[in-house]
Amino acid sequence: MITRLAKASLAAALSVTTLAAGAAGAATPAAATSTSAQQTSTSAQHVTVSQSGNYPGGFFTTGNMSVGWTSSGTADLTGPTHITLDLPPGVTTDGAMFFPTPQDYTFTAALSPDHRHLEAVFTATRAVGAYNFMKLNLATTPGVPIAGVITATVANPNDTDPTGHISRYDLVSKSYLPATVQPAPTVTGLDPATGPGAGGTTVTVGGSNLTSGMVLVGGVPAPGTCTDTACTVTTPGGSGSAPVSVVTPGGTAAAPAAFDYTGAPPPAPAAPAISSLSPASGPAAGGTRVTVLGSNLTYGTVAFGGVPATHISCGPSFCTATAPASAQPGPVDVTVTTAGGTSTPTTYTYTA
């Protein structure tokens, strides 16, 4: 499984990047916050983007900001959420800080060589109303006017509502610009359409309205970069015939043909293991939110006594899940299952 997104043409790929030390202590202007009105979504899974910060301007040549994404539909948000940030000429960042706990998610980021474009992928399950954000420090280039627009976008393949996916802040007027909606993408083909199961094939996905896109091959984010008319990506490992799609702020478009893997698939990931549960007991009525600690848990599913848990979100070392109801009090086995297999069970006790 691929859990990182790194642009093929980028010189730097970041997992969690610390803020630049020089900018951290700089004086900054008063914070501004995006105040876009939230509307009822037409998609059960919907995610919206916002930004806020102490933006550079006037006497201040450094600043900081955050880019946030909120689950605002009617059902848990699942799958990979793609976030982008574009800075105008003369404004740069050294990367993103992202560290909420428990770490029941995967988060990766890639920064362009000019430090003006950042992409991140956040994979987790989030309840309606949940908010996550990444923080960034901003710096400016001497002699270059502090002007232009900062643009943040968000997209998720399970979100069919294109509204709320773009946030823009104008450094000159010091205001948030009216909401816009990106046109829906189209995908016309991919070249080549075959490659080894180990992955590593460079593929061009052609189409239109692909700006700020994320390419999924078999549902897995593929490292690469998109322009308005094409995405160039490197295939992750896989097997068989894998559907290809491009997820943009304007929606998701499927390629007319799948990518066919040839030869042996990549090795299976290591089997998951559970080290502890917190809490390790709860009422038989269910509903207890349980944190599962362990290893190799990414993309896992959790079961209590063979009954699937709900609201499951797993990162490499943590899962969170809501315990289902039990017919009676007593101990049951808790397991995590991934592509690498099923863990050795750990005991959870239902109480009366």
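Structure: above.
This structure is a prediction, so every number in the text was calculated from the model and none was measured.

Peer 1: Help me understand the overall build of the protein in this model?
Peer 2: A tally of regular secondary structure across the protein gives one helix and 33 strands. Within the protein, the fraction of its 352 residues that count as buried is 49%. In the protein, of all internal contacts separated by at least 6 residues, the share reaching a separation of at least 24 is 67%.

Peer 1: Help me out: how do you make sense of the nonpolar core in this one?
Peer 2: A general trend in soluble globular proteins is that nonpolar side chains are found buried together. Counting 29 residues, the largest nonpolar core has Val67, Trp69, Leu85, Phe107, Leu118 and Met134 as the members making the most contacts within it. For this core, the secondary-structure elements that each account for two or more residues are β3 (47–54), β4 (62–71), β5 (80–86), β7 (106–111), β8 (117–123), β9 (131–140) and β10 (149–155). The contact partners of Val67, leaving out residues within four places of it in the chain, are Val49, Ser50, Gln51, Ile83, Leu85, Asn132, Phe133, Met134, Leu136 and Ala152. Ile274, Cys319, Val336 and Tyr348 belong to the second-largest nonpolar core, a separate cluster that totals 19 residues.

Peer 1: Is there a simple way to explain the pattern of salt bridges in this structure?
Peer 2: Side chains bearing opposite charge may pair, as long as their charged atoms lie close to each other. Considering all chains together, one arrives at two salt bridges under this definition. The salt bridge involving Arg126 is made with Asp104; its shortest N-O contact spans 3.2 Å. Here Asp104 lies in the loop between β6 (91–93) and β7 and Arg126 lies in the loop between β8 and β9, a separation of 22 residues in the sequence. Note that Asp114 is salt-bridged to Arg116, the shortest N-O span being 4.0 Å.

Peer 1: Explain the side chain of Asn132 to me, please; I cannot follow it from the model alone.
Peer 2: With respect to the helices and strands, Asn132 occurs in strand β9. With a relative accessible area of 8%, Asn132 lands in the buried category. A distance of 3.2 Å separates polar atoms of two side chains, one belonging to Asn132 and the other to Arg126. Apart from the residues within four sequence positions on either side, Asn132 is in contact with Val67, Gly68, Trp69, Phe98, Pro100, Phe122 and Arg126.

Peer 1: Explain the pairing of strand β22 (residues 251–254) to me, please; I cannot follow it from the model alone.
Peer 2: Every other side chain in a regular strand lies on the same face of the sheet, so the side chains alternate between the two faces. Of the two faces of β22, only one is covered, namely that formed by Gly251 and Ala253; the face formed by Thr252 and Ala254 stays uncovered. Pairing between strand β21 (residues 244–248) and β22: four bridges, direction antiparallel. When the sheet's bridge partners are listed, Ser245 is paired in β22 with Ala254.

Peer 1: Honestly, the sheet that holds strand β30 (residues 318–322) in this entry has me stumped. Any pointers?
Peer 2: Working definition: the strands of a sheet are paired by backbone hydrogen bonds and lie parallel or antiparallel to each other. Read across the sheet, four strands follow the order β24-β26-β30-β29 without closing on themselves; strand pairing throughout is antiparallel. The open sheet has two edge strands, β24 (273–278) and β29 (310–314), and neither has a second partner. Recorded for the sheet is a direction-independent mean angle of 20 degrees between the axes of neighbouring strands. Of the strand pairs in this sheet, β24 and strand β26 (residues 289–295) are connected by five bridges, and their pairing is antiparallel. Its bridge partner being in β26, Ser276 is matched across the sheet by Leu293.

Peer 1: Where do I start with the sheet that holds strand β17 (residues 220–221) in this structure?
Peer 2: Ordered by their spatial adjacency, four strands build an open sheet running β17-β16-β21-β22, and the pairing between neighbours is antiparallel. Each end of this open sheet is capped by a strand with a single partner; those strands are β17 and β22. Across four bridges, strand β16 (residues 214–217) lies against β21 in antiparallel orientation. Residue pairing for β21: Met214 is matched across the bridge by Val247.

Peer 1: Would you mind going over unusual backbone geometry with me for this structure?
Peer 2: With glycine set apart, most residues show a phi of negative sign, and most peptide bonds adopt trans. A cis geometry characterises the amide bond from Thr101 onward to Pro102, with omega recorded as -5 degrees. Of note, Pro102 is situated in the loop between β6 and β7. A cis geometry characterises the amide bond from Asp191 onward to Pro192, with omega recorded as -5 degrees. Within the fold, Pro192 resides in the loop between β13 (186–191) and β14 (194–196). Look at Lys174: it is not a glycine, yet its phi comes out positive at around 55 degrees. Located in the positive-phi region is Asn209, a residue other than glycine, with phi close to 55 degrees. Inspection of the secondary structure puts Asn209 in the loop between β15 (202–208) and β16.

Here is what the cut-offs are and how they apply
- Residues take numbers from 1 onward in each chain, read along the sequence in its written order.
- Residue-level local features of this predicted model are given only where pLDDT is at least 70; pairs of side-chain atoms are given and counted only at 80 or more, and the full residue set underlies all totals for whole chains, interfaces and linings.
- Based on all heavy atoms of the structure, the side-chain values leave hydrogens and waters out of the count.
- Only DSSP runs of H or I reaching four residues or more are called helices, and only runs of E reaching two or more are called strands; each is numbered from the N terminus.
- Throughout this description, buried means an accessible area under 20% of the type-specific maximum (1.4 Å probe, protein chains only), exposed means over 50%, and partly exposed covers the range between.
- Contacts between residues were defined by any pair of non-hydrogen atoms, one from each residue, lying within 4.5 Å.
- Side-chain atoms within 4.5 Å link the members of a nonpolar core, which is a set of buried Ala, Val, Leu, Ile, Met, Phe, Trp, Tyr and Cys residues.
- A pairing counts as a salt bridge when a side-chain nitrogen of Lys or Arg comes within 4 Å of a carboxyl oxygen of Asp or Glu.
- Any pair of N or O atoms that falls within 3.5 Å is considered a polar contact. Within protein, one atom must be able to donate a hydrogen and the other to accept it, and sequence-neighbouring residues count only if both atoms are side-chain atoms.
- Strands were regarded as paired on the criterion that DSSP finds at least two bridges between them.
- Simply put, an axis is a line fit to the C-alpha atoms, just over the touching stretch for a helix, and the angle between two N-to-C directions goes from 0 to 180 degrees.

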